[in-house]
Amino acid sequence: MPAHSRPGFPKAPPPRGPNSPRIPSFYRPRPSATPPLTGPRLRSALPARKIVGLLSELRPQQMFLRAVSSGLTSLFRTPGLAAVTAMSTGTFVQLDPLNYRDGARVEPVDSSGTEKAFEPATGRVIATLQCSGETEVHLAVKSAKAAFEIWRKKSGMERGQVLLEAARLIKEQKDAIATMETINNGKSIFEARLDIDTSWQCLEYYAGLAASMAGEHVQLPNGSFGYTRREPLGVCVGIGAWNYPFQIACWKSAPALACGNAMIFKPSPFTPVSALLLAEIYTKAGAPPGLFNVVQGGAATGQFLCQHRDVAKVSFTGSVPTGMKIMEMSAKGIKPVTLELGGKSPLIIFSDCDLEDAVKGALVANFLTQGQVCCNGTRVFVQKEIIDKFTKEVVKQTQNIRIGDPLLEDTRMGPLINGPHLERVLGFIKSAKEEGATVLYGGEPYEPTDPKLKHGYYMTPCILTNCRDDMTCVREEIFGPVMSILPFKTEAEVLERANDTTFGLAAGVFTRDIQRAHRVAADLQAGTCYINNYNVSPVELPFGGYKKSGEEVGMHKPATVASAATPVFLSL
């Protein structure tokens, strides 16, 4: 383990009792045998458009880095499972084809260009992918249609069994999948393991729902009656983002497959690798060949998918400008579209909060996955009475975040996704200073001491103060580790300022006053509201936003996810 220029994190305070609310902390040091934090599933009867996480406590749960038996059938063709788990930074190169069609990896039959995928930790090229052309997209759709005709006739119970087996395989191979995710994405292995946990949980959840979807019987006058049938839409397209490559592939495919659909998934060209692992897992779990195909590519490939006449629905996660283009392209074919887009979420910290929890919440809300999270609470509104205390403590804790090799157990911040994105984030910080903001800490390129990381895309997490609501750093989504601290006086004032944005993905509130907490959550124009926690995403609840942040995703409105209710009328 290379030396780090930053000290370890301060020792966590002792527990305050079994019922004490605590914010999850992703920034505590731990030796390799110390269990990371994970959380219980949260359930809520609240309306789907307002998801409020209530004083949840994340308790330690044992997770062990285990050696994967070499006797298992390998889903990874290059290299084997055991080799993937033991891999170190700077050693992986993808050699096998990156498209998946008819149950096997294939090279595309035609191409619309090439893209290079990098290992963010080192800056090395780990794959050169052929962007799928129109003919390859057509073959993928044709394959998915054939699989759909088989899959749609299976019962919900049968579909659920395949999803459960896929979940079991993901769980069994968690460490190897997490390692591959870290290599291609740059997030810490600690975070990547948590992402893989939520992935298999997603499949388990939808497997349980698959058999429960049913139509309705409606009695009509004179002995007549009608009924509705839940029918799958057909071939659905999922277009993923690079910040949660494997998890998003699971989140999009699980509800689609549970409802009886087939899916073609296009990963971001920055992170093409891990979606192939999911495709192989579905095949091994018993899905018909072609049920989950993967096509690689950029904008042109996405256009071929959105405009294909046999695609029934498109689901996209990514930026607002790209989401608008996808909606426009899909509208030409009258295709339903689900968009999960960007955000500039407010985190409101009242003076009566638990300061320790609020500081941890701000860290999680800004520096998780190097700040590359759409729902991050990057506008941190702090009541004036405590702003000095809060600022001092948040700077102190930020200075202790370990930056470095993302495959090392004690790293809590890895590199950004690539060089252009790093320059973009640094450009926002430069602009903030020009507009009058003060950099309290960080915001500079960072070079780890390990020589093999010298060309990686690292920076120090940044804290800005003296910010105004009209500054670029406060108005626009930066998508990097940049926290803007803004003072406020009253509840009414901060609500008006928090809602003064074109986004509405998430929001957070820290206060001991539970009546205020619910009142503020109800008035915030955000799809997800966190109370005394942040970035908790239980699979049981939908996720999505208001305004330009898109719409909710989840099974709470099945017709918008992957099935339609078809009425049948009978006269007797």
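Residues numbered from 1 in each chain as written. Predicted model: local features only at pLDDT ≥ 70, side-chain atom pairs only at ≥ 80, totals over all residues. Heavy atoms only, no water.

As recorded by an unreviewed UniProt entry, the chain carries the name 4-trimethylaminobutyraldehyde dehydrogenase and is attributed to Myodes glareolus. We quote the UniProt Function (unreviewed entry) comment for the chain here in full: "Converts gamma-trimethylaminobutyraldehyde into gamma-butyrobetaine with high efficiency (in vitro). Can catalyze the irreversible oxidation of a broad range of aldehydes to the corresponding acids in an NAD-dependent reaction, but with low efficiency. Catalyzes the oxidation of aldehydes arising from biogenic amines and polyamines." (UniProt positions renumbered as here; feature names shortened; annotations may be inferred.)

K.L.:
Let's hear about the overall build of the chain: which residues, and what values?
P.N.:
Across its full length, the chain carries 16 helices and 20 strands. The proportion of buried residues among the 572 residues of the chain is 60%. Across the chain, contacts joining residues at least 24 apart in sequence account for 75% of those joining residues at least 6 apart. When the accessible surface of the chain is summed, it comes to about 22,200 Å², and 55% of that surface belongs to carbon and sulfur atoms. (Helix = DSSP H or I, 4+ residues; strand = E, 2+ residues; numbered from the N terminus. Buried < 20%, exposed > 50% of the residue type's maximum accessible area, 1.4 Å probe, protein only. Contact = heavy atoms within 4.5 Å. Areas by Shrake-Rupley, 256 points an atom, 1.4 Å probe, with all protein chains shown as cover.)

K.L.:
Break down the environment of Gln247 for me, citing the residues and quoting the values.
P.N.:
Considering the arrangement of structural elements, one finds Gln247 in helix H6 (residues 245-258). Sequence separation of Gln247 and Ser199 is 48 residues, and the distance between their C-alpha atoms is 5.1 Å. Other than its neighbours up to four places away in sequence, Gln247 contacts Glu181, Asp195, Thr198 and Ser199.

K.L.:
Hey, could you go over helix H2 (residues 134-151) for me, with residue numbers and the actual values?
P.N.:
Relative to the 26 Å expected for 18 residues at 1.5 Å per residue, H2 spans 25 Å between its end C-alpha atoms, a close match to the ideal helical length. Restricting attention to buried positions, one finds in H2 the residues Glu136, Val137, Ala140, Val141, Ser143, Ala144, Ala147, Phe148 and Trp151. Each buried residue of H2 lies within a common arc of 165° when the element is viewed along its axis, so the set occupies one face. Counted as exposed and oriented over 90 degrees from the buried face of H2: Glu134 and Lys142. (Expected span 1.5 Å × (residues − 1). Arc of directions from axis to C-beta.)

K.L.:
Can you break down the UniProt feature "active site" (unreviewed entry) in the chain residue by residue, with the values?
P.N.:
With numbering aligned to this structure, UniProt lists the feature "active site" (unreviewed entry) at Glu340. With respect to the element layout, Glu340 can be found in strand E12 (residues 337-340). Not counting chain neighbours up to four residues away, the residues in contact with Glu340 comprise Phe316, Thr317, Gly318, Cys374, Leu505, Phe543 and Ser549.

K.L.:
Can you explain the pattern of salt bridges? Please cite residues and give values.
P.N.:
As enumerated under the stated definition, the model contains 24 salt bridges in all. Two residues, Lys174 and Asp197, come together in a salt bridge whose shortest N-O distance is 3.5 Å. Taken together, the residues span a long stretch of sequence, with Lys174 in helix H4 (residues 174-185) and Asp197 in helix H5 (residues 189-210) at a distance of 23 residues. Accessibility expressed as a relative area gives 10% for Lys174, which makes it buried. What you see here is one network of salt bridges that share partners, running through Asp352, Glu491, Arg516 and Arg519. (Salt bridge = Lys/Arg side-chain N within 4 Å of Asp/Glu carboxyl O.)

K.L.:
Just give me the short version of unusual backbone geometry, but keep the residues and values in it.
P.N.:
Backbone geometry at Thr369 places phi at a positive 50°, although glycine is not the residue there. Structurally, Thr369 can be placed in the loop between helix H10 (355-367) and strand E14 (379-383). What makes Thr369 buried here is its relative accessible area of 0%. The phi torsion at Asn466 lies on the positive side, around 55°, for a residue other than glycine.

K.L.:
Could you give an account of the side chain of Asn99, naming the residues involved and the relevant values?
P.N.:
Residue placement: Asn99 occurs in strand E2 (residues 99-101). One polar contact links the side chain of Asn99 to the main-chain amide nitrogen of Gln296, over a distance of 3.2 Å. Once you skip the residues sitting within four places of it in the chain, Asn99 turns out to touch Ala104, Arg105, Val106, Pro108, Ser132, Glu136, Leu276, Val294, Val295 and Gln296. (Polar contact = N/O pair within 3.5 Å; in protein donor to acceptor, adjacent residues only side chain to side chain.)

K.L.:
Now, about the packing of aromatic side chains: what can you tell me, with residues and values included?
P.N.:
Geometry of an aromatic ring pair is reported as the spacing of the ring centres plus the angle between the planes. Enumeration over the complete set of coordinates arrives at 6 aromatic pairs. With a centroid separation of 5.4 Å and an interplanar angle of 85°, the aromatic rings of Trp242 and Phe479 are classed as edge-to-face. Residue Trp242 is found in the loop between strand E8 (235-239) and H6, and its partner Phe479 is found in the loop between helix H13 (472-475) and strand E17 (482-488); the two are separated by 237 residues along the sequence. Taking the relative accessible area as the measure of exposure, Trp242 reaches 14% and is therefore buried. Take Phe479: its relative accessible area is 17%, and that puts it in the buried class. (Phe/Tyr/Trp six-rings, centres within 6.5 Å; stacked < 30°, edge-to-face > 60°.)

K.L.:
Outline the pairing of E8, supporting the account with residue identities and numerical values.
P.N.:
Most of E8 is tucked away: 5 of the 5 residues are buried. The side-chain alternation of E8 yields two buried faces, one formed by Val235, Val237 and Ile239 and the other by Cys236 and Gly238. Two elements, E8 and strand E9 (residues 262-266), share 5 bridges in a ladder whose sense is parallel. Its bridge partner being in E9, Val237 is matched across the sheet by Ile264. As for the winding sense of the linkage, the β-α-β connection from E8 through H6 to E9 is right-handed. (Pairing = 2+ DSSP bridges. Right-handed = clockwise from strand over helix to strand, strands pointing away.)

K.L.:
Residues and numbers for the state of the cysteines, please.
P.N.:
Under the definition given, this model contains 0 disulfides. Cys462 takes part in no disulfide bond, and the closest cysteine sulfur, belonging to Cys473, lies 8.8 Å away. Cys467 provides the cysteine sulfur closest to Cys473, a residue in no disulfide bond, and the two sulfurs are 4.5 Å apart. Looking at Cys473, the relative accessible area reads 1%, which means it is buried. (Disulfide = S-S within 2.5 Å.)

K.L.:
Outline the packing of H4 against H6, listing residues and values.
P.N.:
At a minimum axis distance of 9 Å, the contact between H4 and H6 shows a crossing angle of 115°. Taking contact as the criterion, the partners of Ile177, Glu181 and Asn185 in H4 are, on H6, Pro245, Phe246 and Gln247. For the contact of H4 with H6, the class distribution of residues is 3 nonpolar, 2 polar and 1 charged. (Axes fitted to C-alpha atoms, helices over the stretch in contact; angles between N-to-C directions. Nonpolar A, V, L, I, M, F, W, Y, C, P; charged D, E, K, R; others polar.)

K.L.:
Kindly report on the packing of H6 against helix H7 (residues 274-285), identifying the contributing residues and their values.
P.N.:
Following both chains from N to C, one finds H6 and H7 inclined at 35°, their axes separated by 8 Å at the closest point. As H6 runs across H7, the sense of the crossing is right-handed. Two secondary-structure elements touch here, H6 through Pro245, Phe246, Ala249, Cys250, Ser253, Ala254 and Leu257 and H7 through Ser274, Leu277, Leu278 and Tyr282. Looking at the contact of H6 with H7, its residues break down into 9 nonpolar, 2 polar and no charged. (Left-handed = near helix turned anticlockwise from the far one by under 90°.)

K.L.:
Give a detailed account of the nonpolar core, specifying residues and quantitative values.
P.N.:
Counting 125 residues, the largest nonpolar core has Ile170, Ile349 and Val394 as the members making the most contacts within it. With 10 residues, the top contributor of residues to this core is H5. Residue contacts for Val394: discarding those within four places in its chain leaves Val359, Ala362, Leu363, Ile463, Met483 and Ile485. (Core = buried A, V, L, I, M, F, W, Y, C linked by side-chain atoms within 4.5 Å.)

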